[in-house]
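Next come the chains, spelled out residue by residue.
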Amino acid sequence: MRKLRDITGERFGKLTVLNAVRVPIGDGKFRTKWNCICDCGKQKVVDGSSLTSGKTKTCNGCLQVDISIGQQFGKLTVIKSVKIHEKNSYRTMWECRCECGNIRLVRGTILQKRGSHSCGKCMKSQNLTRRRFERLLVLENAKEDGYWKCVCDCGTTSTVHYTSLLRGITKSCGCLAIELLKERNKASGTHHMTNTRLHNIWDTMKARCHRQNSKDYKNYGARGITVCEEWRNKFENFYQWAIENGYEEHLTLDRKDVNGNYKPTNCRWATTKEQGNNTRYNRYITINGETNTIAEWSQITGIGPKALRYRIESGWDENDLLLPVGVHKVYITVGNETKTIKEWSREKGISDTVISKRYKSGIRGEDLFAYNRKIILVEIDGVTKSLSDWSKETGIRLTTLLQRYNKGKRGKDLIVQTKKRTIEQLSWDF
């Protein structure tokens, strides 16, 4: 076991280590931590790794001592302190007024360490037209909420969120990053982008196409989908294509042809919704000459995807698929009669849900109203017919015959008239 380094008397930020403390962690085991005293006089027990790594430098409480009423941090002016209850303790927050008049609660550490420059709302309401941010010149407000259309010094136009502009996160259309990457590559021979989002996209793309131990290999590599040599052998080529073709942090890599390979001519950057509409599992529906997925039709019409899927599977006419919910009724023709499902349900005494499910599964005619979806054959005086046929011939409702049949009645007892009429009085012969 490695010997514990004694850091008693050493100083870490505002903390000075006093002595080691054994803290129980369960099962009769203990862990060594360090009792420290802060410059403000408060003592705190801290883990040794937090001290040596620089993660913990104060008792956390003394940071708020320096904040006073009326003190200004960027556009925020401190009004008063507020106690906020959290679990079994209280946290001190500071109520601040922004220059725009909005009130905001801010933690003391955020005010002192990182700095909170405004309430956030006034940033969004700013007019950025014709303002310059590094290589980007703002042209106009884009249609998307919070986004601005900008032109880069290289001539490329792009849409950027206002927070990225004001905080200096986005400085160009991507050409600046390419130039910096090339300079770093010349100096060290590496791209220095390992573990970035774009590098992870490139790595997982190769894995699902060329590594058989990947969980997604069966859906890509096993189907013959590969990554082109240009991208597979060099990340910089993929990076340059991504930047030049509209890569943004919220977009994902999508193949135009879901059965094609990963290559520049078959790939694009798309939103999650756009990519969801471009999978091989999607069902495409053509209505009035226009073809879309069920999800796309739902977005166009406002009808829920479940409702559209039910209508399609129930055999609705193409012209009725996009009617508003509650307007259309499914009509079923049996013999020479055409009625709605509910009307047939009332007449036959069968649940409309049962009739709908049978119709959806392809059952037509009198079989829609048969017991348990089967044609029940009954012999009476040597004549064998289905219950449906006996119902037509005698005028007795099919549901009545089914009830009698289920109770065990057979022969003439099955077709006895309810109005005290005998078999001999009927106008039909066996």
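Residues numbered from 1 in each chain as written. Predicted model: local features only at pLDDT ≥ 70, side-chain atom pairs only at ≥ 80, totals over all residues. Heavy atoms only, no water.

> Looking at this model, I keep getting lost on the sheet that holds strand β9 (residues 132–133). Mind explaining?
Strands pair in a sheet through their backbones, by hydrogen bonds, and they do so in one of two ways: parallel or antiparallel. Overall, antiparallel pairing links the 4 strands, which are arranged β9-β10-β11-β12 in an open sheet. One side of each edge strand has no neighbouring strand; the edge strands of this open sheet are β9 and β12 (157–161). Sheet analysis places strand β10 (residues 136–141) next to strand β11 (residues 147–152), joined by 5 bridges and oriented antiparallel. Across the sheet, residue Leu-137 finds its bridge partner in β11, namely Val-151. (Pairing = 2+ DSSP bridges. Helix = DSSP H or I, 4+ residues; strand = E, 2+ residues; numbered from the N terminus.)

> Sorry if this is basic, but what is going on with helix α12 (residues 341–348) here?
Note: α-helices contain 3.6 residues per turn, so residues at a spacing of three or four share the same orientation. For α12, every residue scored as buried is listed here: Ile-341, Trp-344, Ser-345 and Lys-348. Buried residues of α12, seen end-on, are gathered within an arc of 105° and therefore sit on one face of the element. Packing partners of the buried residues in α12 comprise β17 (331–334), β18 (337–340), α13 (352–360) and α15 (398–406). The first or second residue beyond α12 is Gly-349, which carries a positive phi of 75°. (Buried < 20%, exposed > 50% of the residue type's maximum accessible area, 1.4 Å probe, protein only. Arc of directions from axis to C-beta. Contact = heavy atoms within 4.5 Å.)

> How do you make sense of the pairing of β11 when you look at a structure like this?
Look at any regular strand and the pattern is simple: side chains alternate between the two faces of the sheet. Within β11, 5 of the 6 residues are buried, leaving the element largely enclosed by the surrounding structure. The antiparallel pairing of β10 with β11 creates a hairpin that spans 5 residues between the two strands, and Gly-146 there sits at a positive phi of about 85°. One ladder, built from 5 bridges, connects β11 with β12; its direction is antiparallel. Each residue of the ladder has a partner; that of Cys-150, found in β12, is Ser-158. As consecutive antiparallel partners, β11 and β12 are separated by 4 residues, and within that stretch Gly-155 has a phi angle of approximately 100°, a positive value.

> Please explain the packing of aromatic side chains as it appears in this structure.
What characterises a pair of aromatic rings is the spacing of the ring centres plus the angle enclosed by the ring planes. Per the stated rule, a full pass over the model turns up 9 aromatic pairs. Judged by centre distance (4.8 Å) and plane angle (55°), the rings of Trp-231 and Trp-241 are tilted. Residue Trp-231 is located in helix α7 (residues 229–232), and its partner Trp-241 is located in helix α8 (residues 235–244); the two are separated by 10 residues in the primary sequence. One exposure class covers both Trp-231 and Trp-241, and it is buried. Through pairs of rings, three or more aromatic residues link up here, namely Trp-231, Phe-238, Trp-241, Tyr-247 and Trp-269. The aromatic ring of Trp-344 is capped on one face by Lys-339, whose charged end is 5.0 Å from the ring centroid. (Phe/Tyr/Trp six-rings, centres within 6.5 Å; stacked < 30°, edge-to-face > 60°. Lys NZ or Arg CZ within 6 Å of the ring centre and 35° of its normal.)

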